[in-house]
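# Observations on the model geometry
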Amino acid sequence: MNGKRETVVDVQGTVEDGFEPVRDAFVANFTGRGERGAAVAVYRHGRKVVDLWGGTKDGDASDGAAPWEAGTAQVIRSATKGIAALVPLLLHQRGQLDLDAPVGTYWPEFKAAGKERVLVRHLLSHRAGLPVLDTPLTPAQAIDGVSGPAAVAAQAPAWEPGTDHGYHAQTYSWLLGELVLRITGRTLGSWIAEEISGPLGLDLWIGLPEAAQCRVGRLADLEPPAAPAASGLRVRPKRSVADAYADPASLTSRAFGAIAPAPDENAAAYRAAELPASAGVATARSLARCYAALIGAVDGHPRLFAPATLTLARTEESAGLDRTLLVNTRFGLGFMLHGPASPLLAPGSFGHPGRGGALACADPESGLAFGYVTNGMQRNVTADPRAQALLRAVSRVVGRTSAGDL
């Protein structure tokens, strides 16, 4: 015997005929990529074709711990941003929001410190110049609903708004949240609950209710796999990127450190907080169903995005070297677009990853919608080897351009 213990995982759920390669890739994530607990779901043309889960509910659990169940949900980190973007886009579709209006039209206090010409579309495309705060917020301030909006309203831009892009890792929460509140009188999380999750029957929250806390698994850090299990992705950042994360004065470090010290993402208070940049909670099934509803009818529910809105979501607004992430990124309005830094289902896909693992996206041309959640957080921001392996399996099944084959 070589002393190694074989990884055994009891994968539950269903796949339609022809989608068995997705199940194979999901199992391989546990046997070869260090997966602890996860779920993946795929819709095609409004119908669920993959719904799988396995492993343990808690990423930091030892053997014999509670298993991941059909209804287990997880914090999805920045995959929340794509869900949050639905609100301003649908408000625009309904005639309640002008994407080309200055943010100060709706939020007068925002005009301070040279931000008079920041447009709504700049917030959604990470072009507002506001990825950092001169004074980071404490975890308590970040979730109090007041300190965050006040801080970004007073903050001077790091560059001339509209001229360049840089990922607004944390400040996206308060920028979008306050904008929606000023326009609708409702918090962004309550708008999602009432207009999206409720009608579609989704286990998807920005602001987790107390009754659902028991369903959420715990996040834990996970070492990234070595090649070839890394699926051809760069899982260890090049030195310039690594140096930026390590330098407390860099734009990169300050953007991710806009809340300091880092909040406890497993705390009930954090899960209950309405942080549209990072604290959404969902099942993979609900993420896939939500994205399916953006591009087509689902179980009798009409599609959420009109054709013009779908075009807005996936038309490139920002591209090139990202001032925050220091890699080439592509953004539409609120969504990441398919590209080398964040491969999705196909060139016309749109969606959003979550740092460390989660991913949700859709490809209108093939009618595919994809959701993946995990409790094992790897050191990546825009592309996770486990999610990429699943995307490639889905793409091969339907004959689309494989994720990562650019």
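Residues numbered from 1 in each chain as written. Predicted model: local features only at pLDDT ≥ 70, side-chain atom pairs only at ≥ 80, totals over all residues. Heavy atoms only, no water.

Here we come to the overall build of the chain. A count of helical and extended segments in the chain gives 13 helices and 14 strands. Whereas a compact globule of 406 residues would reach a radius of gyration of roughly 22 Å, the chain reaches 20 Å, a difference of no more than 12%. Dimensions of the chain, computed from the C-alpha atoms along their principal axes, are close to 65 × 50 × 45 Å. Counting only contacts in the chain whose residues sit at least 6 apart along the sequence, the fraction spanning at least 24 positions is 69%. The distance from the centre of the 39 positive side-chain charges to the centre of the 40 negative ones in the chain is 3 Å. (Helix = DSSP H or I, 4+ residues; strand = E, 2+ residues; numbered from the N terminus. Rg over C-alpha atoms; globule rule 2.2 N^0.38 Å. Contact = heavy atoms within 4.5 Å. Lys, Arg positive; Asp, Glu negative; His and termini not counted. Charge placed at Lys NZ, Arg CZ, Asp CG, Glu CD.)

What follows covers the state of the cysteines. Tallied over the full model, the rule gives zero disulfides. In this model Cys 361 remains outside any disulfide bridge; the closest cysteine sulfur is found in Cys 290, 12 Å from its own. (Disulfide = S-S within 2.5 Å.)

Turning to unusual backbone geometry, a few remarks are in order. Going from Ala 260 to Pro 261, the amide bond is cis rather than trans, its omega being -5 degrees. When you line up the elements, Pro 261 lands in the loop between helix 9 (251–256) and helix 10 (268–272). Even without a glycine there, the phi angle at His 45 is positive, about 50 degrees. With respect to the secondary-structure elements, His 45 resides in the loop between strand 2 (37–44) and strand 3 (47–55). With a phi close to 60 degrees, Leu 326 is a non-glycine residue in the positive phi region. With respect to the helices and strands, Leu 326 occurs in the loop between strand 8 (318–321) and strand 9 (328–331).

This paragraph deals with the pairing of strand 8. Note: strand 8 against strand 9, four bridges, orientation antiparallel. Across the sheet, the residue bridging to Gly 320 is Thr 329, located in strand 9. Connecting strand 8 to the antiparallel partner strand 9 that follows it, the hairpin turn spans six residues, and Leu 326 within it adopts a positive phi of roughly 60 degrees. (Pairing = 2+ DSSP bridges.)

Moving on: the confidence of the model for the chain. Chain-level pLDDT for the chain is 92 on average; 92% of the residues reach the 70-or-more range. Between residues 1–5, whose pLDDT stays under 50, and residues either more than four places distant or in other chains, the model counts one contact. Confidence over residues 401–406 falls short of pLDDT 50; this stretch has 20 contacts with residues more than four positions distant or in other chains. (pLDDT = per-residue confidence, 0-100.)

This next bit is on the side chain of Asn 266. One can find Asn 266 in the loop between helix 9 and helix 10. Separated by 2.7 Å, the side chain of Asn 266 and the backbone nitrogen of Leu 219 make a polar contact. Leave out the neighbours within four places in its chain, and Asn 266 touches Gly 217, Arg 218, Leu 219 and Arg 271. (Polar contact = N/O pair within 3.5 Å; in protein donor to acceptor, adjacent residues only side chain to side chain.)

As a further point, take the packing of helix 1 (residues 20–32) against helix 13 (residues 385–398). At a minimum axis separation of 8 Å, helix 1 and helix 13 run at an interaxial angle of 165 degrees. Classed by the angle they form, the pair helix 1 and helix 13 counts as roughly antiparallel. Here helix 1 runs over helix 13; the crossing is right-handed. When helix 1 is examined against helix 13, the residues Pro 21, Val 22, Ala 25, Phe 26 and Asn 29 are found in contact with a partner set consisting of Arg 386, Ala 389, Leu 390, Ala 393, Val 394 and Val 397. (Axes fitted to C-alpha atoms, helices over the stretch in contact; angles between N-to-C directions. Parallel < 35°, antiparallel > 145°, perpendicular 65-115°, else oblique. Left-handed = near helix turned anticlockwise from the far one by under 90°.)

This part covers helix 11 (residues 284–295). Compared with an ideal rise of 1.5 Å per residue, which puts twelve residues at 16 Å, helix 11 spans 17 Å between its outermost C-alpha atoms and is within 8% of the ideal. Counting buried positions over the twelve residues of helix 11 gives twelve, a clear majority of the element. Among all positions of helix 11, only Ala 284, Arg 285, Ser 286, Leu 287, Ala 288, Arg 289, Cys 290, Tyr 291, Ala 292, Ala 293, Leu 294 and Ile 295 are buried. (Expected span 1.5 Å × (residues − 1). Buried < 20%, exposed > 50% of the residue type's maximum accessible area, 1.4 Å probe, protein only.)

We now examine the sheet that holds strand 5 (residues 204–205). Spatially, the three strands line up as an open sheet ordered 4-7-5, and their pairing is antiparallel. Lying at the two open borders of the sheet, with one neighbouring strand each, are strand 4 (74–75) and strand 5. Pairing between strand 5 and strand 7 (residues 281–282): two bridges, direction antiparallel. Within the sheet, the bridge partner assigned to Trp 205 lies in strand 7 and is Val 281.

Now for the packing of aromatic side chains. In this structure the tally under the stated criterion is eight aromatic pairs. Between Tyr 245 and Phe 256, the ring centres sit 5.6 Å apart and the planes meet at 40 degrees, which makes this aromatic pair tilted. With Tyr 245 in helix 8 (residues 239–246) and Phe 256 in helix 9, this pair connects stretches of sequence that are eleven residues apart. Judged by its relative accessible area of 25%, Tyr 245 falls in the partly exposed class. The class for Phe 256 is buried, based on a relative accessible area of 17%. Cluster of aromatic residues (ring-pair linked, three or more members): Tyr 167, Tyr 245, Phe 256 and Phe 331. Cation over ring: Lys 81 sits above Tyr 172, and NZ or CZ is 5.8 Å from the ring centre. Of note, Lys 115 hangs over the ring of Phe 110, and the distance from its end group to the ring centre comes to 5.0 Å. (Phe/Tyr/Trp six-rings, centres within 6.5 Å; stacked < 30°, edge-to-face > 60°. Lys NZ or Arg CZ within 6 Å of the ring centre and 35° of its normal.)

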